[in-house]
Amino acid sequence: MAAFNPRIAARALLQMRVGKRPFVLSHGINARCNLRCPFCEYWRNPGPEMATEAIMAMLDDAKSFGIGVYNAWTAEPLLRSDLPAILRHARSLGMVTSLITNGLLLSERIGDLSDLDLLSVSVDGIDSYKEIRGVSVDPVLEGVGAAQEAGHSVLINCVISRKNLSELSDLVYLAADLGAQISFEPIHEAQDVAAEVWDDFGIGEEDLPAYRRSMDRLMEMKKRGSPIINSLTYLRMVRDRRTDFRCHAPEIVLSVSSDGTVQACRVHKEPLGNVSQGLAKVWESSKERREEIVRGCAGCLFFGYVENSLLYDLRPEVLARYRWI
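Chains are numbered independently. Their residues run from 1 in the order of the written sequence. Residues qualify for local features only when their pLDDT is at least 70, as the model is predicted, and side-chain atom pairs are given and counted only at 80 or more; totals for whole chains, interfaces and linings, by contrast, use all residues. Excluding hydrogens and water, the side-chain figures rest on all heavy atoms present in the structure.

**A few points about the overall build of the protein chain**
Note the threshold: Under the DSSP-based scheme used, a helix requires at least four consecutive residues in state H or I and a strand at least two consecutive residues in state E, with every element numbered from the N terminus. Here the globule rule is a power law, 2.2 Å times the number of residues to the power 0.38, and the radius of gyration is based on C-alpha atoms. Buried residues are those whose accessible area, probed at 1.4 Å on protein chains only, stays under 20% of the maximum for their type, while exposed residues exceed 50% and partly exposed ones sit between those limits. The contact definition used throughout considers only heavy atoms, calling two residues in contact when any of these lie within 4.5 Å. Note on areas: Shrake-Rupley, 1.4 Å probe, and residue coverage restricted to the protein chains presented here. Note on charges: Lys and Arg go in the positive column, Asp and Glu in the negative column, and His and the chain ends are not counted at all. To locate a charge, the coordinates of NZ of Lys, CZ of Arg, CG of Asp or CD of Glu are taken.
Helices and strands together make up the secondary structure of the protein chain, namely 15 helices and nine strands. Taking 20 Å as the expected radius of gyration for a compact globule of 325 residues, we find that the protein chain reaches 19 Å, a close match to that expectation. By its C-alpha atoms, the protein chain is 50 × 45 × 40 Å across when sized along the principal axes. Looking at the protein chain residue by residue over its 325 residues, the buried ones come to 55%. Relative to all contacts within the protein chain whose residues are 6 or more apart in sequence, the contacts with residues 24 or more apart total 72%. Accessible surface computed for the protein chain: about 14100 Å², of which carbon and sulfur atoms make up 51%. With 38 positive and 43 negative side-chain charges, the protein chain shows a spacing of 6 Å between the two charge centroids.

Listed below in structure tokens is the structure:
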């Protein structure tokens, strides 16, 4: 895990609170994936992807806009052959570089990630992984090992579903054994995925006792110093399935899809503009609509949105215990 950097934190505060602009560019760098996870919406409608030159131009624009963190994710970033050049360019502009991957290609491509600062790998189970993701977890764990041998700190991210409730604490032990950090977030029931998938993967009323016991166990492990990065405030929200926080996601994160469309966030995919129009122009012209979207949103529990919104509001426990950007 990257150490806390006061200079970057100061830049972020200045950008968001004074400049009133987001600090993180979250880029769906491609539309393809080498998995077919039933609960995922992104591989189902691939669509177009930005060319290398367009991404480089977007990064140049992002630098002028004040962006300090470039996050490449979805559907599977390691499928892009130009990823090393993109990360290198982002870093040359002074941005912290971040990547979220399913990990299947990590062993093969770890040599291409020398310009990566933050690495997150999705691991949702041990015995349950094959049922959840459709493949063996072994190559993913081998990839985590290869990344660590290459000098990368690794964050394991687990999406909580009905399938893995009995394995959450085991995943914490696995992360500790691997020398990795781990984060948790509940599965988000996207509208683009069939209802029968959520009948299979979602947390139903009959699952709530086991679900709450598992979350209480994670909170106890967190208090005892386990490598869980989530704050206790967030873990309680997840346990109680409540979203009573003030969302600042669009103020913190500039969300861009694979074709360059700017959106309010990964939940609200309404096009607000395109990066080809210029980030500043899209940002200013979409101000009223972004505010309307946030006011009308029922809320989500994606940990990056919730934890960082709580940080934005200077919640003491989150400031003290949340351990990731």
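**Describing the nonpolar core**
So the rule is basically this: Take the buried Ala, Val, Leu, Ile, Met, Phe, Trp, Tyr and Cys residues and link them wherever side-chain atoms come within 4.5 Å; each set so joined is a nonpolar core.
Membership of the largest hydrophobic core comes to 92 residues, with the highest contact counts inside it found for Leu 25, Leu 59, Tyr 70, Leu 113 and Phe 184. With near-sequence residues (within four places) excluded, Leu 59 lies in contact with Leu 25, Tyr 70, Ile 86, His 89, Ala 90, Leu 93 and Met 95. Counting residues in hydrophobic clusters, the runner-up holds 16 residues, among them Cys 33, Leu 35, Trp 43 and Ala 190.

**Some words on the packing of helix H10 (residues 232–240) against helix H14 (residues 303–312)**
We count it as follows: Think of each axis as a best-fit line through the C-alpha atoms, taken over the contacting stretch in the case of a helix, with angles from 0 to 180 degrees between the N-to-C directions. Roughly parallel means an angle under 35 degrees; roughly antiparallel, over 145; roughly perpendicular, 65 to 115; everything else is oblique. Less than a right angle of anticlockwise turn of the near helix away from the far helix marks a crossing as left-handed, whereas a clockwise turn marks it as right-handed. Polar here means any residue outside two lists: the nonpolar Ala, Val, Leu, Ile, Met, Phe, Trp, Tyr, Cys and Pro, and the charged Asp, Glu, Lys and Arg; Gly therefore counts as polar.
Where H10 meets H14, the axes come as close as 10 Å, and the angle between the chain directions of the two elements is 130°. Looking at the two axes, H10 sits oblique to H14. Considering the relative orientation of H10 and H14, their crossing is right-handed. Counting all contacts with H10, which are made through Thr 233, Tyr 234 and Met 237, the residues of H14 involved are Phe 303, Val 306, Glu 307 and Leu 310. A per-class count over the contact of H10 with H14 returns five nonpolar, one polar and one charged.

**Quick notes on the UniProt feature "domain: Radical SAM core" (unreviewed entry) in the protein chain**
Which entries qualify depends on this criterion: UniProt positions are given in the numbering used here, feature names are shortened, and annotations may be inferred rather than shown by experiment.
The positions UniProt marks with the feature "domain: Radical SAM core" (unreviewed entry) are residues 18–224. Its end C-alpha atoms 37 Å apart, residues 18–224 is made of 39% helix and 16% strand.

**Re the side chain of Asn 30**
Under the convention used in this document: Definition of a polar contact: a pair of N or O atoms within 3.5 Å, with one able to donate and the other able to accept a hydrogen when the atoms are protein atoms, and with sequence-neighbouring residues admitted only if both atoms are side-chain atoms.
With respect to the secondary-structure elements, Asn 30 resides in the loop between strand E1 (24–28) and helix H2 (52–65). Looking at Asn 30, the relative accessible area reads 2%, which means it is buried. For Asn 30, the side chain forms a polar contact with the main-chain oxygen of Glu 76, separated by 2.8 Å.

**Remarks on the sheet that holds strand E6 (residues 181–186)**
The condition that has to hold: Pairing between strands is defined by DSSP: at least two bridges between them are needed.
If you walk across this open sheet you meet the nine strands as E6-E5-E4-E3-E2-E1-E7-E8-E9, and the pairing is mixed. Both edges of this open sheet fall to E6 and strand E9 (273–274), since each of them pairs with a single strand only. With five bridges connecting them, E1 and strand E2 (residues 69–73) associate as parallel partners. When the bridges of E2 are listed, Val 24 appears paired with Val 69. Across the sheet, H2 lies against E1, E2 and strand E7 (253–256), angled at about 165° from E1, the strand it touches most. The strands touched by helix H7 (residues 168–178) are strand E5 (154–160) and E6; relative to E6, the strand with the most contacts, the crossing angle is about 155°.

**What about the environment of Val 238?**
Looking at the secondary structure, you find Val 238 in helix H10. A C-alpha to C-alpha distance of 34 Å links Val 238 and Arg 80, two positions 158 residues apart in sequence. Excluding anything up to four places from it in sequence, Val 238 contacts Ile 160, Pro 186, Tyr 211, Met 215 and Leu 301.

**Description of unusual backbone geometry**
Ala 75 follows Thr 74 through a cis peptide bond whose omega is -5°. Here Ala 75 lies in the loop between E2 and helix H3 (83–92). For Lys 20, which is not glycine, the phi dihedral falls at a positive 55°. Within the secondary structure layout, Lys 20 lies in the loop between helix H1 (6–18) and E1.

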